[in-house]
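# A structural walkthrough
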Amino acid sequence: MHSRTSDTLIRLGADFHRRGWVLGTSGNFSIVASRDPLRLCITASSLDKGRLTAEDFLEVDGTGMTVNGTTLRPSAETLLHIEVVRATGAESVLHTHSVWSTVLSDIHSAEGGFFIEGYEMLKGLDGVTTHEHREWIPILENTQDMKALAVQAGSLLRIRPQVHGILIRQHGLYTWGKDLDAAARHVEILEFLFESVGRRRMMEPAIEKNRRH
Ligand SMILES: [Zn+2]
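Throughout what follows, the structure given in this document is the object of discussion. These numbers were taken from a predicted model, which means no experiment stands behind them. (Residues numbered from 1 in each chain as written. Predicted model: local features only at pLDDT ≥ 70, side-chain atom pairs only at ≥ 80, totals over all residues. Heavy atoms only, no water.)

## Digging into the coordination of the zinc ion
Within the protein, Glu77 (OE), His95 (NE2), His97 (NE2) and His171 (NE2) serve as the donor atoms for the zinc ion, at 2.1 Å. Its 4 donor atoms give the zinc ion angles of 88 to 164° at the centre, a pattern that matches the irregular case. (Donors = N, O, S within 2.8 Å, 3.2 Å for Na, K, Ca; no water. Tetrahedral: all angles 85-135°; square planar, octahedral: opposite > 155°, others 65-115°.)

## Some details on a nonpolar patch on the surface
Taken together, the side chains of Val99, Val103 and Ile107 present a nonpolar region at the surface, about 240 Å² in accessible area. One can find Val103 in helix 3 (residues 99–107). (Patch = residues over 30% accessible without salt bridge, like charges linked within 9 Å, V, L, I, M, F, W, Y side chains within 5 Å. Areas by Shrake-Rupley, 256 points an atom, 1.4 Å probe, with all protein chains shown as cover. Salt bridge = Lys/Arg side-chain N within 4 Å of Asp/Glu carboxyl O. Helix = DSSP H or I, 4+ residues; strand = E, 2+ residues; numbered from the N terminus.)

## Let's talk about the packing of helix 3 against helix 5 (residues 180–212)
The N-to-C vectors of helix 3 and helix 5 enclose an angle of 60°; their axes lie 9 Å apart at closest approach. With respect to their mutual orientation, helix 3 and helix 5 come out oblique. The crossing of helix 3 and helix 5 is left-handed. Each of Trp100, Ser101, Leu104 and Ile107 in helix 3 lies in contact with helix 5, whose residues at this interface are Glu191, Phe194, Glu195, Val197, Gly198, Arg199, Arg201 and Met202. (Axes fitted to C-alpha atoms, helices over the stretch in contact; angles between N-to-C directions. Parallel < 35°, antiparallel > 145°, perpendicular 65-115°, else oblique. Left-handed = near helix turned anticlockwise from the far one by under 90°. Contact = heavy atoms within 4.5 Å.)

## Examining the pattern of salt bridges
If you walk through the whole model with that rule in mind, you get 14 salt bridges. Measuring nitrogen to oxygen at the nearest pair gives 2.7 Å for the salt bridge that ties Asp15 to Arg18. Highlighted residues: Asp15 and Arg18, both in helix 1 (residues 3–18), separated by 3 residues, approximately one helical turn. Among the residues examined, Asp15 registers a relative accessible area of 18% and is labelled buried. On the basis of relative accessibility, which here comes to 64%, the residue Arg18 falls in the exposed class. One salt bridge connects Arg200 with Glu204, and the closest N-O pair in it is separated by 3.4 Å. Taken together, the residues span about one helical turn, with Arg200 and Glu204 both in helix 5 at a distance of 4 residues. The partly exposed category is assigned to Glu204, whose relative accessible area is 37%. Ionic contacts of the salt-bridge type, sharing partners, join the residues Asp15, Arg18, Arg19 and Glu188 into one network. (Buried < 20%, exposed > 50% of the residue type's maximum accessible area, 1.4 Å probe, protein only.)

## Re the nonpolar core
Counting 42 residues, the largest nonpolar core has Phe16, Leu80, Leu94, Ile166 and Trp176 as the members making the most contacts within it. Considering each element in turn, this core owes the most residues, 6 residues, to helix 4 (residues 146–159). When residues no more than four places from it in sequence are discounted, the contact partners of Leu80 are Met146, Leu149, Ala150, Ala153 and Tyr174. Membership of the second largest hydrophobic core comes to 16 residues, among which are Trp100, Val128, Ile139 and Leu193. (Core = buried A, V, L, I, M, F, W, Y, C linked by side-chain atoms within 4.5 Å.)

## Observations regarding the sheet that holds strand 6 (residues 134–140)
Pairing within the open sheet is mixed, and its 8 strands lie in the order 3-2-1-4-8-7-6-5. The open sheet has two free edges, formed respectively by strand 3 (57–61) and strand 5 (113–117), since each of these has just one partner strand. The mean angle between the axes of side-by-side strands here comes to 25°, regardless of whether they run parallel or antiparallel. As paired elements, strand 4 (residues 92–96) and strand 8 (residues 172–177) share 5 bridges and run antiparallel to each other. By the bridge assignment for strand 8, Leu94 is matched with Thr175. Where helix 1 meets the sheet, it contacts strand 1 (28–34), strand 3 and strand 4, and its direction lies at approximately 165° from that of strand 1. Sitting on the sheet, helix 5 touches strand 1, strand 4, strand 5, strand 6, strand 7 (165–168) and strand 8, and the angle it makes with strand 8 is about 140°. (Pairing = 2+ DSSP bridges.)

Below, the structure is given as C-alpha cells:
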C-alpha cells in the first residue's frame, strides 16, 4: 500500500477511536488496491484501531484470501468489504461500531431500516444536493455467518444502489465512497445523522407532553 494511504488510514483509526466509533478492536477499513484482479488492502483482524501502524494492513484477493504471503489474519468481515466494493464500485469501505448505529439498528430492525430526511447534513452524502432528500438506511440481521451476510449485503446494494450505508443489527455501520476521503466523510455524516435521529427520539416523550399541556 502507498505510504500516504496507510498514513491516512492510521490517522483515521486514531480519530474514529477517539470519537468512540471503533472501540475495543472493533471495525475495519479497506481500500481497493486493484480492480482486475480484485485486490483489497484491509486492516488485519483484532487490532486496536486507535494505534494502527503501517504493518497492520494486509492484501486480500476477491475471495478474501491473503496474498503476498503475510502472517497477519484477515478479519471475517473482509468478505463484506469485498461484496460492497463489487456491488457499488467503491474504492474504499469503512466499518464502525458506534453507540448510535448499534442502538438505531436495533430499534428499527423490524422495519428492515429507517428513513432520515430534512437534515442539512444529508448534503454531505455523495450525490445529495438538498436537505429535502430522503435517505433510506437499510438494516440487516447480524450473524456470525459472514459469507451469508456478505451475499445479503451484495443483493441489497444491487436492488438499492442509491443507499450510502448499511447497518447490521446491534452491530454497526458499513459505508463506502469513490475514494477514502468520501468514505470517511460518509462515516462522519452518517454518525452525525444517527446521533441526531437517536437524540430526537429520546426527546419525543417530552415534546409530546408539552404539546398536550
Ligand atoms: Zn463489525
